[in-house]
Number of protein chains: 2
Amino acid sequence: MNGAQSLVQTLINCEVDTCFANPGTSEMHFVAAMDSVTKMHPVLCLFEGVVTGAADGYGRIAGKPAATLLHCGPGLANGLANLHNARRGNTPIVNIVGDHATFHQQYDAPLASDVAGFARPVSSWICESKNSKTVAGDAARAVQAARSAPGGVATLILPADTAWNPADCASGALADIGPAMVSAETIEQVAKLISEGNATGKKTAMLLSGKALLGDGLEAAGRVQAKTGVRLFCDTFASVSELGAGRVPVERVPYFAEQIVAFLTGIDRIILVGAKPLVSFFAYPGKPSWCAPEGCEYTYLSLPHESGVQALQQLADALGAPAISPIRVPLTLPDLPGGALNPLTAAQIIANLTPENVIYADESATSSLPLLMNLGRARAHTHLALTGGSIGLGLPLAIGAAIAAPNRKVVCPHGDGGAAYTVQALWTMVRENLDITVVIYANRSYAILNIELQRVGAIGAGPKALSMLDLHHPEMNWAHIANGFGMEASRATTCEEFTAQYASAMKSKGPRLIEVLI
Amino acid sequence: MNGAQSLVQTLINCEVDTCFANPGTSEMHFVAAMDSVTKMHPVLCLFEGVVTGAADGYGRIAGKPAATLLHCGPGLANGLANLHNARRGNTPIVNIVGDHATFHQQYDAPLASDVAGFARPVSSWICESKNSKTVAGDAARAVQAARSAPGGVATLILPADTAWNPADCASGALADIGPAMVSAETIEQVAKLISEGNATGKKTAMLLSGKALLGDGLEAAGRVQAKTGVRLFCDTFASVSELGAGRVPVERVPYFAEQIVAFLTGIDRIILVGAKPLVSFFAYPGKPSWCAPEGCEYTYLSLPHESGVQALQQLADALGAPAISPIRVPLTLPDLPGGALNPLTAAQIIANLTPENVIYADESATSSLPLLMNLGRARAHTHLALTGGSIGLGLPLAIGAAIAAPNRKVVCPHGDGGAAYTVQALWTMVRENLDITVVIYANRSYAILNIELQRVGAIGAGPKALSMLDLHHPEMNWAHIANGFGMEASRATTCEEFTAQYASAMKSKGPRLIEVLI
């Protein structure tokens, strides 16, 4: 057994059985080990940003980490932006980066770089294995670190000789470092705040994050809502949320600072369940970054590393809430529109036709508002958002989600600007025959920047500036691009065309792209 | 005048007049300033890896820096791999990264990250502007740092409020920190070593790097060669080299360690002109990383930050060499082959048909050997290589070279695996109507890894491992992909087809892609 085999077997022992990979020479022993340790499922991606974004999508849906396999510092560098997104969403990822053999590093060969330096800004844990005998232990610790509440990117750097030199054995799994429990005192205090607030006519909201938005957590929040009338919020870019008909209703906080302030008008207290106080996504000249209305107070029920689920359940009990939340989202499907395609009509078609239990890997950007409004009342689904705001996540995220949940359809509504970042992801969708429907919103623009240019008060913007936000010249043809990567694709210019194409995609399985000209 | 305008005007004052950009909200004032400071030429790219690779190509050909414009930490992260390549080639780049306004950073908004941390492994200089009044001075220092011998990546981080707050004025250019001069003593010692070596039958070679491979430097090296018989070498991945008929002959060191050792057999001394000792690109089990044959000694004529050109000229004088090198590469064009396309026949066609003065932005990977052999004796040209070994550079590099030299044709021979990394570059080629002919070598494989898998002795590689190196399923159609990005494209399956398509591309101007099925 060599170090690479001890590594792969340890990952399997730790229930990490999926590896998104773009390997190079220094990772060849790891690659070879996938044939001797047969339970590992390797998924080849044509770019490292696809690797890391897919690992993010997998981690969000599977609730456990996938491994990546990246080639030296520059390979890691290509994956950093989507690791930034994963960091913001607390997604568990075992981020494996090969490097030059220990004895080779002194020679500063062309690919040598400061791998740990690249990894530091996105990693909650970093370890460089020193020799082949410690790789198994290091890998077990990496899995534990990735899974530690609230979840994070654990980067394991493997010099090539730690893979090819002999190892003794694989390691077993280490115990999970689960979330800390919230104290009875805190729960009692929050229960009292809610009750007193209700008694004095104050409005309370709970801002939910992480597992508080899923299953038992959401149910417990719904019990509190039913008993006390608190409103339930989630962040604009909540990592994973379970929404739609039959679910406990949760309102999504809007994107722009002034919208947030308006949204929060009348709220006197916001209780944070694993969430952070609401701030503006960007700063603007002369405008505040802090978004709470004057007099609105924040109270923590749980910090991100604490169990929001336990806290909500005990809070519901303390408040004497019903055992099951009686408040549910009613199914309200929009009619199928005709005529011109735009973000609203496209959203109505998607909401009308998408079956239950779909996962949305959503990077719909400026088209998101009508989409989210329509989906919120449509059939039950799981929603994945652009957690860290770094575009180019949606397509890879869809890959990871589809591999984590092979029996669920994934819909990927995506802005054209962001989709161009990681367009190679289409190839992996075809290679793995994933049940993903990609909808490209082709507005030929970095549309958000046309809005932001005004909002930041950038005076004097003329044709040169505006040309930097415009993607018309030349126009991309996403159907051709998708065909080039081996994917079935079509273009829709009217509601009727999109309805027919999307309905067909929903009825069949497999990868499919529809370009919506809006 | 605001900080952004003072920045753009300062860049113009420092002769930085081209900006490769993929901006976001925090860079909107910079973008707007391009309309008030009209001499700046902004070039929009659809991905930051294209931005930085284009800035690399520009810097290599223009001999002066372009600016980048990147969006926050994750935007920079997407550009890091090609900045790694630029760092290895000592390309001057002014790397401008926007960030959240200073007062916004405390709120840890989703896009906030450790920007300087991301930049550190690739930057020779980093500065975060503290306010709008210092931006002009910081920019002037950034240009000076980028241009300081031997050239490097100077990263300037601009919080958004340093762009939108008032500034007093732009800054003028700072004096160049030129290369240090090599001492007369060193030149005398090297002259003596060469003469004594010749007298005692020892073989000497000079390994040239940086400006020693161009113009006056190459000419001076040729004079030494003519007088003393030393062989002239350049690195496998020399950043810029001037090659072909009429030029002083330079031999390229091969890629693999054992090839290097064989290539150096019989060489007793290697004189380093701005170059580093030759080492293996990767490490292999049980094989040495150091590539010099036993007994072969290294001597430094100049370090990378010293003037190799001056040193070579004075060395030639000290040796009594002729005023102009009489040794020149004779023009030797291969015949046009017929029949099956493969790396050799494709190379023969390219060498036969390419006109003089072309720039090759070369990421031909495993197809490079026959290409370089044929090009070395073909018409005079400039060659740009994959300096840092991080694939996905070639297409962006071609953009930068074409913008730096608008009257020269650029040919970009590229492996399919690497081209998939930064495929969005095709769009910018069309948008800017650049005179670039892209040749995609479609071998449907990470071909180098099939070789390396054996070389590293990865035992037990089976179907799973081999599938990680194989790009057949699905097959990419590069003509469709290029069409999707608005580019004219064709596919060649025989020598006859490639000859017709390539000849047509050489006779016309503008962007064009040919997929060569090898």
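Visitor: Looking at this structure, how should I read the overall build of chain A?
Guide: Along chain A, the regular secondary structure elements total 20 helices and 18 strands. Compactness check: chain A gives a C-alpha radius of gyration of 24 Å against a globular reference of 24 Å for 518 residues, within 12% of the reference. Counting over 518 residues, chain A shows a buried share of 64%. A separation of at least 24 residues holds for 81% of the contacts in chain A among residues at least 6 apart in sequence.

Visitor: Can you walk me through the packing of helix α1 (residues 3-13) of chain B against helix α2 (residues 28-36) of chain B in this structure?
Guide: For any two helices packed against each other, one specifies the crossing angle of their axes together with the interaxial distance. All names here are of chain B. Put simply, α1 and α2 touch, their axes get as near as 8 Å, and they point 60° apart. The orientation of α1 relative to α2 falls into the category oblique. Read as a crossing pair, α1 and α2 show a hand that is right-handed. In contact with A4, Q5, L7 and V8 of α1, α2 contributes H29, F30, A32, A33, M34 and S36.

Visitor: In this structure, what is going on with the pairing of strand β2 (residues 41-44) of chain A? I would like to understand it.
Guide: In summary, the side chains of a regular strand alternate between the two faces of the sheet. Residue and element names in this part refer to chain A. Here strand β1 (residues 18-21) pairs with β2 via 4 bridges, running parallel. Bridging across to β2, T18 finds its partner in H41. Following the backbone out of β1, through helix α2 (residues 28-36) and into the adjacent parallel β2, one traces a crossover that is right-handed.

Visitor: Just checking my understanding: could you explain the pairing of strand β8 (residues 231-234) of chain B for this structure?
Guide: All names here are of chain B. The sheet contact formed by strand β7 (residues 204-208) and β8 spans 4 bridges and is parallel. Along β8, the bridge assignment pairs M206 with L232. Traced from β7 through helix α9 (residues 215-228) to β8, the parallel crossover comes out right-handed. Pairing of β8 with strand β10 (residues 251-252), which is carried by 2 bridges, proceeds in the parallel orientation. Pairing of C234 across the sheet is with R252, part of β10.

Visitor: Honestly, helix α6 (residues 135-147) of chain B in this entry has me stumped. Any pointers?
Guide: For an α-helix, 3.6 residues make a turn, and residues three or four places apart therefore share a direction. Residue and element names in this part refer to chain B. Compared with an ideal rise of 1.5 Å per residue, which puts 13 residues at 18 Å, α6 spans 18 Å between its outermost C-alpha atoms and is within 8% of the ideal. Judged by how many residues are buried, α6 sits mostly within the fold: 10 of 13 residues are covered. Of all the positions in α6, only V135, A136, D138, A139, A140, A142, V143, A145, A146 and R147 are classed as buried.

Visitor: Would you mind showing me how to read the relation of the copies chain B and chain A here?
Guide: Between the two copies of this chain, the relationship is a rotation about some axis together with a displacement along it. Superposing chain B onto chain A takes a rotation of 180° plus a shift of 0.0 Å along the axis, which leaves an RMSD of 0.0 Å. As the rotation angle and translation indicate, the two copies are arranged about a two-fold axis. Across chain B, the rotation axis passes nearest the C-alpha of I481 of chain B, at a separation of 2.2 Å. Most of the interface of chain B is mirrored in chain A, where 99% of its interface residues are also at the interface.

Visitor: What is the right way to look at the nonpolar core in this model?
Guide: Soluble globular proteins: nonpolar side chains tend toward being buried together. Counting residues in hydrophobic clusters, the biggest one holds 391 residues, and the most contacted among them are L208 of chain A together with L208 of chain B. Leave out the neighbours within four places in its chain, and L208 of chain B touches L213, A221, L232, F233, C234, V250, V273 and A275 of chain B.

Visitor: What should I look at first to understand the domain arrangement of chain A in this one?
Guide: Bring the parts together and some accessible area is lost; that lost area is often taken as the interface size. Residues and elements named next belong to chain A. Looking at the assigned domains, one finds that chain A contains domain 1 (3-164), domain 2 (184-318) and domain 3 (343-517). For domain 1 versus domain 2, the separation of C-alpha centres amounts to 35 Å. With 6 residues of domain 1 at the contact, the number on the domain 2 side is 6 residues.

Visitor: Can you help me understand the sheet that holds strand β3 (residues 66-71) of chain B in this one?
Guide: The strands making up a sheet associate through backbone hydrogen bonding, with each pair oriented either parallel or antiparallel. Residues and elements named next belong to chain B. The sheet built from 6 strands is open, its strands ordered β2-β1-β3-β4-β6-β5 with parallel pairing. Of all strands in the sheet, those with a lone pairing partner are β2 (41-44) and β5 (125-128), marking the two edges. For this sheet, the mean inter-axis angle between neighbouring strands, taken without regard to orientation, is 20°. Pairing geometry for β3 and strand β4 (residues 93-99), over 6 bridges, is parallel. Bridge pairing in β4 places A67 opposite V94. Seen against the sheet, helix α3 (residues 48-62) touches β1 (18-21), β2, β3 and β4 and runs at an angle of roughly 170° to β3. Against the sheet, helix α4 (residues 72-88) contacts β3, β4 and β6 (153-159), and its axis sits at roughly 145° relative to β3.

Visitor: Whenever I open this one, the sheet that holds strand β12 (residues 297-302) of chain B confuses me. Can you help?
Guide: All names here are of chain B. The parallel open sheet is built from 5 strands, whose spatial order is β10-β8-β7-β11-β12. Looking at the sheet topology across the chains shown, the edges are occupied by β10 and β12. Across the sheet, helix α11 (residues 308-318) touches β11 (269-273) and β12, and the angle it forms with β12 is around 105°.

Visitor: So what exactly am I meant to see when it comes to the environment of Q454 of chain A here?
Guide: Residue and element names in this part refer to chain A. Checked against the element boundaries, Q454 lands in helix α17 (residues 447-455). Judged by the 11 C-beta atoms lying within 10 Å of it, Q454 is exposed. For the pair Q454 and S504, spaced 50 residues apart in the sequence, the C-alpha separation amounts to 40 Å.

Visitor: What am I meant to see in the interface of chain B and chain A here?
Guide: Every contact between the two is made by 86 residues of chain B and, on the other side, 85 residues of chain A. Among the elements that take part in the side of chain B that touches chain A, α4 of chain B stands out by supplying 8 residues, more than any other. Residue classes in the side of chain B that touches chain A are distributed as 48 nonpolar, 29 polar and 9 charged.

Visitor: Sorry, what's going on with the confidence of the model for chain A here?
Guide: As a note on interpretation, predicted positions should not be read in detail where pLDDT is low. Looking at chain A as a whole, the pLDDT averages 96, with 100% of positions reaching at least 70. Confidence estimates for the predicted assembly give a pTM of 0.98 and an ipTM of 0.97.

Visitor: Teacher, can you tell me more about the environment of A380 of chain B here?
Guide: Residues and elements named next belong to chain B. Mapping A380 onto the fold places it in the loop between α13 (368-375) and β14 (381-384). When the C-alpha positions of A380 and E188 are compared, they lie 33 Å apart, and in sequence the two are 192 residues distant. Apart from the residues within four sequence positions on either side, A380 is in contact with G244, A245, G246, R247, E356 and N357.

Visitor: Hey, could you run me through the packing of helix α4 (residues 72-88) of chain A against α4 of chain B in this one?
Guide: Interhelical geometry of α4 of chain A versus α4 of chain B gives an angle of 170° and a closest axis separation of 8 Å. In terms of axis orientation, α4 of chain A runs roughly antiparallel to α4 of chain B. Residue-level inspection shows G73, P74, A77, N78, L80, A81 and H84 of chain A of α4 of chain A in contact with α4 of chain B, the latter providing G73, P74, A77, N78, L80, A81 and H84 of chain B. Its residues assigned to classes, the contact of α4 of chain A with α4 of chain B shows 8 nonpolar, 6 polar and no charged.

Visitor: Sorry, what's going on with α4 of chain A here?
Guide: Residue and element names in this part refer to chain A. Between its terminal C-alpha atoms α4 stretches 24 Å, which fits the 24 Å expected from 17 residues at 1.5 Å a residue. At L80, α4 shows its largest kink, close to 50°. Most of α4 sits inside the fold, with 17 of its 17 residues counted as buried. Remark: N90 follows α4 within two positions and exhibits a positive phi of approximately 55°.

Visitor: How should unusual backbone geometry be read in this particular structure?
Guide: Trans is the prevailing form of peptide bonds, just as negative phi is the prevailing case for residues other than glycine. Residues and elements named next belong to chain A. Here the amide bond leading from A149 into P150 is cis, since omega sits at 5°, within 30 degrees of zero. Along the polypeptide, P150 turns up in the loop between α6 (135-147) and β6 (153-159). P474 follows H473 through a cis peptide bond whose omega is 0°. Looking at where P474 falls in the secondary structure, it is placed in the loop between α18 (463-467) and α19 (478-484). Positive phi, normally seen in glycine, also occurs at N90, with a value near 55°. Within the secondary structure, N90 sits in the loop between α4 and β4 (93-99). Accessibility expressed as a C-beta count within 10 Å gives 22 for N90, which makes it buried.

The rules behind these values
Residues numbered from 1 in each chain as written. Chains lettered and ligands numbered in written order. Predicted model: local features only at pLDDT ≥ 70, side-chain atom pairs only at ≥ 80, totals over all residues. Helix = DSSP H or I, 4+ residues; strand = E, 2+ residues; numbered from the N terminus. Rg over C-alpha atoms; globule rule 2.2 N^0.38 Å. Buried ≥ 20, exposed ≤ 12 C-beta atoms within 10 Å, placed from the backbone. Contact = placed C-beta atoms within 7 Å. Axes fitted to C-alpha atoms, helices over the stretch in contact; angles between N-to-C directions. Parallel < 35°, antiparallel > 145°, perpendicular 65-115°, else oblique. Left-handed = near helix turned anticlockwise from the far one by under 90°. Pairing = 2+ DSSP bridges. Right-handed = clockwise from strand over helix to strand, strands pointing away. Expected span 1.5 Å × (residues − 1). Least-squares fit on C-alpha atoms with pLDDT ≥ 70 in both. Core = buried A, V, L, I, M, F, W, Y, C linked by C-beta atoms within 7 Å. Domains from an automatic or database assignment. Nonpolar A, V, L, I, M, F, W, Y, C, P; charged D, E, K, R; others polar. pLDDT = per-residue confidence, 0-100. Bend = angle between axes of the 7 residues up to and from the residue.

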